[in-house]
Amino acid sequence: MAEITAGMVKDLREKTDAPMMECKKALTEAQGDMAKAEEILRVKLGNKATKAASRVAAEGMVAIHISADQKSGAIVEMNCETDFVAKNDDFMALVKKLAELVVTENPADVAALSALPVNGVSVEETRKALVGKIGENMSIRRFQRVAAVGALNHYIHGGAKVGVLVDITGGDAVLAKDVAMHIAASKPKALDPKGVPAEDIAKERAVAEGKAAESGKPAEIVAKMVEGSVAKYLKEVSLLSQPFVKDDKQTIEQLMKGKGAAVNGFTLYVVGEGIEKKVTDFAQEVKEAAAAAAR
């Protein structure tokens, strides 16, 4: 049986807003698996356990670069250990330069980007020099280069913690910014239901099945409940069907049609998304250090 620590319970409570005892029970049932414990809570407690688990698990920043003709663009995420370094001028300048390099050089992956020259040396050598200067680890996590169907626009939010690159045909600069800001606020997973990752749908279906099964209703009713829950989920996470944040009486799709415009695609980066931050037990570290010193 995995040991369930107070830190694990606290972390799960912060992610889900569920009661402490329920968090402990879920972690015990999941044998310490945090993701599984979240699913268990969602089944038992319903939507209360769906509080956005978007705690930044790593620091850093997002940078975006768009070509003058708005036809090519790139979004880059680079991580560091502390928010203090994320605000360092040299760190910020490097990430912005990386976004520009992705647009102009079109590297295949992070390794290829790291090998590109910047100011006479490679990106990797530049990174290592900055690590040595600041004394904190940092790494290029991911990037995406986009070739637009229409024109690219962007929005950076929260001190470069959230970045949106959006491809829009028609409309104007105000509309493009509104859509980009909406994406940053509502965090859709895809343009429409067809683009929602299959694993996300499967996970949502499993949760819906667990909740519906506990209702005790006939199988045919349970099946309809599950399909209804999945359909509702797809509507909520698809950009075009989301209510516009500035006017929830119309969806993004309706907004675009009213302006004679269309969203062709988007990329959303949230710094640290999906990275689990190490939970440090300071008291235990002190004990271990004391024990090591005694030895």
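Up top is the structure these notes are about.
These notes cover the structure that comes with them. (Residues numbered from 1 in each chain as written. Predicted model: local features only at pLDDT ≥ 70, side-chain atom pairs only at ≥ 80, totals over all residues. Heavy atoms only, no water.)

Reading across the sheet, the three strands line up as E6-E7-E10 and stay open at both edges, with antiparallel pairing between neighbours. Edge positions in the open sheet fall to strand E6 (151-157) and strand E10 (262-270), since each of these has one partner strand only. Strand-to-strand twist of the sheet, defined as the mean angle between neighbouring strand axes without regard to direction, takes the value 15 degrees. One ladder, built from eight bridges, connects strand E7 (residues 162-169) with E10; its direction is antiparallel. Paired with Asp167 across the bridge in E10 is Gly265. Contacting E6, E7 and E10, helix H8 (residues 173-186) runs over the sheet at an angle of about 140 degrees to E7. (Pairing = 2+ DSSP bridges. Helix = DSSP H or I, 4+ residues; strand = E, 2+ residues; numbered from the N terminus. Axes fitted to C-alpha atoms, helices over the stretch in contact; angles between N-to-C directions. Contact = heavy atoms within 4.5 Å.)

What follows is about the environment of Lys211. With respect to the helices and strands, the residue Lys211 is situated in helix H9 (residues 198-213). Each C-alpha atom, one on Lys211 and one on Ser229, is 9.9 Å from the other, the two residues being 18 residues apart in sequence.

Our focus in this paragraph is the nonpolar core. Buried together is how nonpolar side chains tend to be arranged in soluble globular proteins. Ranked by internal contacts, the top residues of the largest apolar core, which has 25 residues, are Met78, Phe91, Leu98 and Leu113. Those elements giving two or more residues to this core turn out to be strand E1 (59-66), strand E2 (72-80), helix H4 (83-86), helix H5 (89-105), helix H7 (123-134) and strand E5 (138-147). Core analysis: the second largest hydrophobic core is formed by 22 residues, Val162, Val166, Ala184 and Leu239 among them. (Core = buried A, V, L, I, M, F, W, Y, C linked by side-chain atoms within 4.5 Å. Buried < 20%, exposed > 50% of the residue type's maximum accessible area, 1.4 Å probe, protein only.)

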